[in-house]
Every structure is written in structure tokens, then in C-alpha cells.
Amino acid sequence: MKYYIIAGEASGDLHGSNLMKGLYSEDPAADIRFWGGSLMNAVYSEHQHGDGFVRDYKEGAVMGFSQIILHAGKHLKRVRECCEDLLRFQPDAVILIDYPGFNFRIAEFSHKQGLKVFWYIAPKVWASREGRIRKLKAYVDKLFIVFPFEKPYFDRKGVDYVYKGNPLVDAIDGSPSASQSRQEFLAAAGLADRPVIAILAGSRKAEVKTMMPVVSAFADRMHALPQYKDYQFVLAGAPSRSLQDYVPWLAGREEYLKLVFGQTQAILRHAEAAVVNSGTASLEACLIGTPQVVGYAISNFNYQIGKRIIKVKYISLGNLIADRLVFRELIQHDLTADNLVAEIRRLIEDQAYRGTMLDGYQEIRQALGGTGASAAVARTMIQELS
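None of the values given here were measured: they were computed from a predicted structure.

Here's the deal with the overall build of the protein chain
Tallying secondary structure elements over the protein chain gives 18 helices and 13 strands in all. Taking 2.2 N^0.38 as the reference for a compact globule, 386 residues should give roughly 21 Å; the C-alpha atoms of the protein chain span a radius of gyration of 21 Å, in line with that estimate. Overall, the C-alpha framework of the protein chain stretches about 65 × 45 × 40 Å when taken along its three principal axes. A burial count over the protein chain gives 54% of its 386 residues as buried. Relative to all contacts within the protein chain whose residues are 6 or more apart in sequence, the contacts with residues 24 or more apart total 66%. For the protein chain, the exposed surface amounts to about 16400 Å²; the carbon and sulfur share of it is 50%. The distance from the centre of the 46 positive side-chain charges to the centre of the 42 negative ones in the protein chain is 6 Å.

Comments concerning the state of the cysteines
Tallied over the full model, the rule gives 0 disulfides. Of all cysteine sulfurs, the one in Cys-83 lies closest to Cys-82, which takes part in no disulfide; the gap is 5.9 Å.

As for the pattern of salt bridges
Throughout the structure, instances matching the rule amount to 23 salt bridges. A salt bridge links Arg-55 to Glu-81; the nearest nitrogen and oxygen atoms lie 2.5 Å apart. You can see Arg-55 sitting in strand S3 (residues 53-56) and its partner Glu-81 sitting in helix H4 (residues 72-89), a full 26 residues away along the chain. Residue classification places Glu-81 among the partly exposed positions, given a relative accessible area of 24%. Note that Glu-207 and Arg-204 form a salt bridge whose closest N and O atoms lie 3.4 Å from each other. Pair check on accessibility: Glu-207 and Arg-204 agree, each one buried. A single salt-bridge network, built from bridges that share partners, covers Arg-33, Asp-51, Asp-85 and Arg-88.

Reading guide: rules and limits
Residues numbered from 1 in each chain as written. Predicted model: local features only at pLDDT ≥ 70, side-chain atom pairs only at ≥ 80, totals over all residues. Heavy atoms only, no water. Helix = DSSP H or I, 4+ residues; strand = E, 2+ residues; numbered from the N terminus. Rg over C-alpha atoms; globule rule 2.2 N^0.38 Å. Buried < 20%, exposed > 50% of the residue type's maximum accessible area, 1.4 Å probe, protein only. Contact = heavy atoms within 4.5 Å. Areas by Shrake-Rupley, 256 points an atom, 1.4 Å probe, with all protein chains shown as cover. Lys, Arg positive; Asp, Glu negative; His and termini not counted. Charge placed at Lys NZ, Arg CZ, Asp CG, Glu CD. Disulfide = S-S within 2.5 Å. Salt bridge = Lys/Arg side-chain N within 4 Å of Asp/Glu carboxyl O.

Function cannot be read off these values alone, since they describe shape.
Set out below in C-alpha cells:
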């Protein structure tokens, strides 16, 4: 069968790659065409030869209301390009992975063309823009959700869904970094044999621009403390970013602030603690078992709009799953270098506090279910098409 998959962000590329593995396993003759990233392309290249990789998600990722307005023209052009490509390919199923601003338009178009539409990883209508539920019901044949707290929500809303667990469990447990020793990691990353504090500043350019002044000042303050002068603060370069996105904050800090690309999970695994921008990365830290503090800040314009429409108690998926504050969230004006120093020091120095957080992580992992989610979703999709 023919599948057209659309992922618009780094997390979608990760989950899309694992879903593709499942589709190829269950349907060896699968013909896949996709919008995604390097992870999806690597899986595609193992099973098919051709031009199935349509467009890289790095070309279109934006965040915040102001950025969406500024890039509206490019956004509409990509929508048209995608619709034309869908008509040429005529897939048996269109599989949309999160990325609602773009994918709702594709869902509507695909439905009107009589194509089967699956949505994998639900748009976060439980957090904001609940009116989109009407579109889910109208244009999506089957919704595949990945968080346990979504089940009662979509039950109440009368949305038909499938829940097979969370694919991030497989992605973490099956990662090459899971079997990599600390010494192997340090050597591969070009790092010294010194303790690591991880910094994950987000994947979008706007996130990096907002987070870096704060986290670089945090690294300065920590490094100035005698007990932390030998620590190295390892910045995980996002796959959608380049060296130039980080350069302004690296100069003069080369001794202790290190930038490493392509090893985000390994950096988390071998860190004493982590500062993490909210998103999939914070849930990765939970599953890996790295004590963390989440930091999140955006422009004041976007923040003023966002706080009026976002309805959830927490911004981090791990805390939402646990339905309590397992780890701290420093949001907007609370995200300061001094607050980060205080929290990271507590995570490293207060063993009871650290242990309580790690116990909470176990609750989160158990709530997400076991392994095999991606394969189970792929199997169900194929059954839906049979």
C-alpha cells in the first residue's frame, strides 16, 4: 500500500521514523512518500530507492503567533505544494503527525479528495484551541493518541481514537546511546572526563534565541562556584539548527560551555542534571532518568496571547502525565540564571530531593505503558486499510 506521511518538527521526525519501521515490517511492499527529516529519510533509504523524501521539516518550522503571521505566505505555498503532490501520488492513507497548523489544512483537503486520513500524535486540543475538535471529527478517519491522560478527554468529546502506548519509550530504550558507556560518549562528543550538566535550549530558532542568554548566564554563575568549576555545561545542538545559531553565546565560554550536535539523548544519559526547554525533550529526560528543571520563555507578545488560551496546569508532558509537579517549571519571568542555579544545585546536592524526582519518573514511565507502540500503531493502520 501507499502511505503519505507528514511530520513538521524534530519530534515528528523521530516518531515518524519509528512508525515507518513498523509500516515496512508489517507491509514489506509499502510505498512511502513523506515530509520529515533525516531520521525518516534514513529508514526510507533502507527500504526504498527513489524520491520519496519531499521536503525537510527544517525549512518550515516556526513558533509563536507573530512568527506564524510573518511566514503566512510561505506556509500557504507549502500547503499548495503538498496538496498537488498528494494528488499525484494518490496514497491509500495520509498520515499526519502532530504539526496542526499545517496538517489541519492537509486533513481537510485529503478528506475532500476521498483519501483515508490518520492523525498520529493528537494536536493538543486539550491545552488550547478546543474548537479544532470539530475538524478532527470532520476530516480524520482515525486518531492515534500517545498519552494516557488523553483517553478520558477524547472519550468526553466523542472522538474515535486508538491508544497503543507512547512511541518515545521505544525510541529511548532502543537508542544507540542506551548501550554507550560514559567514556565512549565523552570520546565521541570530544569532551573531557569531567561531570556534565546538560542544556537543551529548544529546537526552533526563536526558542534558542530566547533561551541562550539565560542558560549561558546560568553556566557563568555555576562555573564561578568553586565546587562546580570543573563541570562542563554541554549544550545539545538541535538537529534543525546550525553552529551560527549558538555562536553569539559561546565566545569567551569555550572552557566550560560546549556545543555538541547529534547526541541529545547521550548528553542527557550522562549528565548529572539538565536544564530543558519544554517539549518532547523534557519527557525524554524523564524516561532516561536525568533530574531536570524545565525552562520556557517566549516573546512577551506571544506570552500574553498564549496565557489567555492555554488551559493546562503544566507545560511539561511529564508533569501532565503525573498530574502533579514532578519537576519544576520556570516559566517566562521566573526563568532566570539565578533560579536555574538554585534548582540545579538542589538536584545535585540534595539527594532526597533528587530521589523523589526519580521516583516520580518511574510513575510517568509506568503510565506510558511498555514497548512496541510504534509497531502496534502501524499494524492497526494497516488493518484499518484492509
